[in-house]
Amino acid sequence: LDRLDDAPQRMALLRSLVQMLLELAHASNGAYADAASSFRRGGGAAATAAANVSGVNMPVYERDFEEAFLGESQDFYRVESTSRLSHGISSETTNSSGNSSSSLSAAANNDDDEDGKPAAKYSAMEYVHRAQSRLQEERVRASTLDLPASTRAALLRIVETELIERHARTLVEMEGSGFASILKVVASSPAIGSVAAASGPGGGVGSSRMMMPAGGDSSESSVVIDHERIKDLASMYELFSRVPSSVNHLRDALSERIKIDGRALVKDQENNVAPPAAFVKGILAMRERFHAVVTDAMKGEKKAQKRMKESFEDFLNADARAANCLAVYVDELLRVGLRGADERKVSMELDRVIVIFRYLSDKDVFEAYYKNHLAKRLLGNKSGSEEAERAMVSLLKAECGYQFTSKLEGMFNDMRISKETAEKYRSHKKSLNNTVSNDSRDAENGGKPVDVEVSVLTTGYWPSQNVAPCILPPAVKAAMDRFQKYYLNTYTGRKLSWQTSTGSAEIRATFHPQKGSSKPRRHDLSVTTYQMCILVLFNTRDTLTLKQIRDETNIPEEELRRHLVSLCTPKHRILRKGSKGKGISGDDDTFTYNADYTSKMTRVKVPMVSMRDASSASSGGAKGAGSASAAGGASKSAGLVDGSASVPLSVEEDRRHLLEAAIVRIMKARKVLNHNDLVAEVTRQLSGRFVPPPQFVKKRVESLIEREYLERDEADRRVYRYMA
């Protein structure tokens, strides 16, 4: 064989030798006579059938050829694979036994020299493509030699073990070109046309790769996905899938990459490096990239999908931060992000939000923040699209059921009824114009009644607001009294409780004429109810202290400071603050009406500063970010602070009630149940809203035992009985 230079001649001679060995092995067995004849004629079907006949001994073929052939093949591939993945091993070391190898090994050694590249410098992807070539060569060679089916199967198992299974972890972890390194490049997705870090087929480290937005269309998504790298990952997955146990290494690398990138985003949020909306955008981009990896590179494998889901859940549910941030992102999306968007874009963006929502275990935390932001949008008329608002509620309803969205739908219903009530009240006022005299309190408003628009809200649907009403200007109070009288006469059996912390107002302010002009300057100021109460005080006095304003308005301290600072900003300096700096020094700090205030706009909207900005330089200021709206006090009173990682107090209280109700409901149906089964059933029933820790369940059980809803079994203290 060594003296034959022509490969076809060498293969033909090998085939003849194999046929001869099989013929000798089966010569004494009549069942194999036809097989030997078939081998002489060049056929292989009969030989394959003969090789599969059970109970027949093949000592000559197995002992003198198959064992040596498989052993030599295993040695060859073990040395070759090790040399390609390990530095410092000479490419000439191809046979550890020191004996002359089979013709198969000789052919393989010749292939090693064709690329002209030292084996020790092979990257992971070059190794993968080389291994795929070796597997294909063995299949062709086995077919050409007409090897029996048992030999073919054993040979392929050896090649897969030596080339794949033994080096699976190395191929995943190889620095610069392994599966984990390529995955890191895909996850980071640098700018289009930039130089990527991982190597690809036929290219070394640092080869340039072009990237495309997700879906191949920039209108679909702004997330850039490196599809060329995903093809590399697909090649490695295809190779590893030949040995199912090796795919676990790929899944582990995928999971670890997701957790590392996710925890980095969480850390940025903890350190206030990025706002909540940016945190969610990062999660959405991560999810799209890793979804592309699982779908395209890993063929949508169910186990890989499960690992990806578990990995996202791992870092998203470390605390309540993710649920909070997602609600802030949705608020931003529904206020401005989807304004003017068509139905297709609205559906696509909301579907992306729901994908992240599914990962959350604290869905009740999301609901609390979402309801709070929805209230601000509805009351402040800040929704970009009512259709988008209702579409979001519909998606939440489909995901979590009617109970989850019943209050949200009630809020929309309240706004609809409020509009109808406002129309009826306007008609009522028109009918009374000639018969009702002006209230004396309207004198402050030039004798004209204040036009008031009231939103009547159902207490159980809207976020709880334990804020005492402030002291309103007499003219405004008169208008509210007139509405209340009309409403209670129209709808009997109801009670109105005014929420002045969430209102807004339009004020026409008159300022001194500019130099050279005798005409006063007028601006229509769009302000909150609190700001209105503050500004009206300056109709009779030019300067007031913080203590005087507090006493005359009864506005809560933190909100008072926040609203005063908002009226003293450089852009909207309607009042001048006596102390220097951004903060308010104390009760004696003065505020003076700024007669020289000017603006290019006739109608001026005075924006609110955040709670953090208002209190950062003030003594006794509250910590935590507030939303720039008139309902900031509601957020604080409800324990809802944007960006907070803790579960709000209101949500914790709701959880206690829900958990106790679930325990009583289960025990009433079961009568007797042991502790572990009760915890499992409670968790199953409440998992749609939150996942109660076992310690929390135990505390509520103890509370129910104290109140005699349950009792412990005398024989087994871990068994509970329902008390009727």
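Up top is the structure.
Residues numbered from 1 in each chain as written. Predicted model: local features only at pLDDT ≥ 70, side-chain atom pairs only at ≥ 80, totals over all residues. Heavy atoms only, no water.

**Quick notes on the overall build of the chain**
When you go through the chain residue by residue, the secondary structure sums to 27 helices and eleven strands. Expressed as a percentage of its 724 residues, the buried residues of the chain come to 47%. Summarising the internal contacts of the chain: among those between residues at least 6 apart in sequence, 67% fall at separations of at least 24. Total accessible area on the chain is roughly 36,400 Å²; 50% of this is exposed by carbon and sulfur atoms. (Helix = DSSP H or I, 4+ residues; strand = E, 2+ residues; numbered from the N terminus. Buried < 20%, exposed > 50% of the residue type's maximum accessible area, 1.4 Å probe, protein only. Contact = heavy atoms within 4.5 Å. Areas by Shrake-Rupley, 256 points an atom, 1.4 Å probe, with all protein chains shown as cover.)

**With respect to the sheet that holds strand 3 (residues 504-511)**
Reading across from one edge, 3-4-8 is the order of the three strands in this open sheet, with mixed pairing throughout. Strands at the two margins of the open sheet, each flanked by one partner only, are strand 3 and strand 8 (603-605). Mean inter-strand twist for the sheet, computed between neighbouring axes without regard to direction, equals 25°. Relative to strand 4 (residues 521-528), strand 3 is paired through eight bridges, and the arrangement is antiparallel. Note that in strand 4 the partner of Ser504 across the bridge is Thr528. (Pairing = 2+ DSSP bridges. Axes fitted to C-alpha atoms, helices over the stretch in contact; angles between N-to-C directions.)

**Focus on the environment of Ile555**
Tracing the backbone through its elements, the reader meets Ile555 in the loop between helix 21 (546-553) and helix 22 (557-566). Once the C-alpha coordinates of Ile555 and Ile471 are considered, the two residues, 84 residues apart in sequence, prove to be 7.8 Å apart. Contacts of Ile555, omitting those with residues within four sequence positions, involve Cys470, Tyr530, Ile534, Arg550 and Leu560.

**So, the pairing of strand 7 (residues 590-593)**
In terms of strand pairing, strand 5 (residues 543-545) meets strand 7 through three bridges, oriented antiparallel. The residue of strand 7 that forms the bridge with Thr545 is Thr590. Both strand 6 (residues 575-577) and strand 7 contribute to a ladder of three bridges, which runs antiparallel. Each bridged residue has a counterpart across the sheet, and for Lys577 the counterpart in strand 7 is Phe591.

**Notes on the pattern of salt bridges**
In this structure the tally under the stated criterion is 50 salt bridges. The salt bridge involving Glu420 is made with Arg416; its shortest N-O contact spans 3.2 Å. Residue Glu420 and its partner Arg416 are both found in helix 18 (residues 402-432); the two are separated by four residues, about one turn of the helix. What makes Glu420 partly exposed here is its relative accessible area of 39%. Its relative accessible area of 42% is what places Arg416 among the partly exposed residues. What emerges from the salt-bridge pattern is a single network uniting Glu80, Arg84, Arg134 and Glu137. (Salt bridge = Lys/Arg side-chain N within 4 Å of Asp/Glu carboxyl O.)

**Focus on the packing of helix 16 (residues 363-379) against helix 18**
When two helices pack together, you describe them by how their axes are tilted relative to each other and by the distance separating the axes. Contact pair helix 16 / helix 18: the axes reach a minimum separation of 10 Å and the direction vectors enclose 5°. When the axes of helix 16 and helix 18 are compared, the pair comes out roughly parallel. Here Lys363, Glu367, Tyr370, Lys371, Leu374, Ala375, Leu378 and Leu379 of helix 16 lie close against helix 18, whose contacting residues are Phe404, Lys407, Leu408, Met411, Phe412 and Met415. (Parallel < 35°, antiparallel > 145°, perpendicular 65-115°, else oblique.)

**Things to note about the packing of helix 11 (residues 247-270) against helix 12 (residues 276-297)**
The geometry of helix 11 relative to helix 12 is characterised by a closest axis approach of 10 Å and an angle of 170° between their N-to-C directions. On the basis of their axis angle, the class for helix 11 and helix 12 is roughly antiparallel. Counting all contacts with helix 11, which are made through Leu254, Arg257, Ile258, Asp261, Gly262, Leu265, Val266 and Gln269, the residues of helix 12 involved are Pro276, Phe279, Gly282, Ile283, Met286, Phe290, Val293 and Val294. Looking at the contact of helix 11 with helix 12, its residues break down into eleven nonpolar, three polar and two charged. (Nonpolar A, V, L, I, M, F, W, Y, C, P; charged D, E, K, R; others polar.)

**Notes on the sheet that holds strand 6**
Pairing between the strands of a sheet is mediated by backbone hydrogen bonds and can be parallel or antiparallel. Strand order in this open sheet of three strands is 5-7-6, and the pairing throughout is antiparallel. The open sheet terminates on both sides in strands that have one partner only, identified here as strand 5 and strand 6. When the angles between neighbouring strand axes are averaged without regard to direction, this sheet yields 25°.

**Considerations on the packing of aromatic side chains**
According to the stated counting rule, one finds 14 aromatic pairs in the structure shown. With a centroid separation of 5.0 Å and 75° between ring planes, the pair formed by Phe76 and Tyr77 is classed as edge-to-face. Assessed through its relative accessible area of 1%, Tyr77 is described here as buried. Plain terms: the ring middles of Phe483 and Trp498 are 6.4 Å apart, the flat faces sit at 70° to each other, and that makes the pair edge-to-face. On the criterion of sequence distance, the pair formed by Phe483 in helix 19 (residues 474-490) and Trp498 in the loop between helix 19 and strand 3 is long-range, its members being 15 residues apart. Feature note: the residues Tyr425, Phe483, Tyr486, Tyr487, Tyr491 and Trp498 constitute an aromatic cluster, connected by ring pairs. Geometry around Phe357 places Lys363 over its ring, the cationic atom sitting 5.4 Å from the centre. (Phe/Tyr/Trp six-rings, centres within 6.5 Å; stacked < 30°, edge-to-face > 60°. Lys NZ or Arg CZ within 6 Å of the ring centre and 35° of its normal.)

**Re the nonpolar core**
Where a protein is soluble and globular, its nonpolar side chains tend to be buried together. With 103 residues, the main nonpolar core has Phe240, Phe312, Phe366 and Tyr370 as its most contacted residues. Tallying contributions element by element places helix 12 first for this core, with twelve residues. If sequence neighbours within four positions are ignored, Phe312 has contacts with Ile258, Ile283, Met286, Arg287, Phe290 and Tyr359. Ranked by size, the runner-up nonpolar core spans 35 residues in total, among them Leu525, Leu537, Val565 and Ile584. (Core = buried A, V, L, I, M, F, W, Y, C linked by side-chain atoms within 4.5 Å.)

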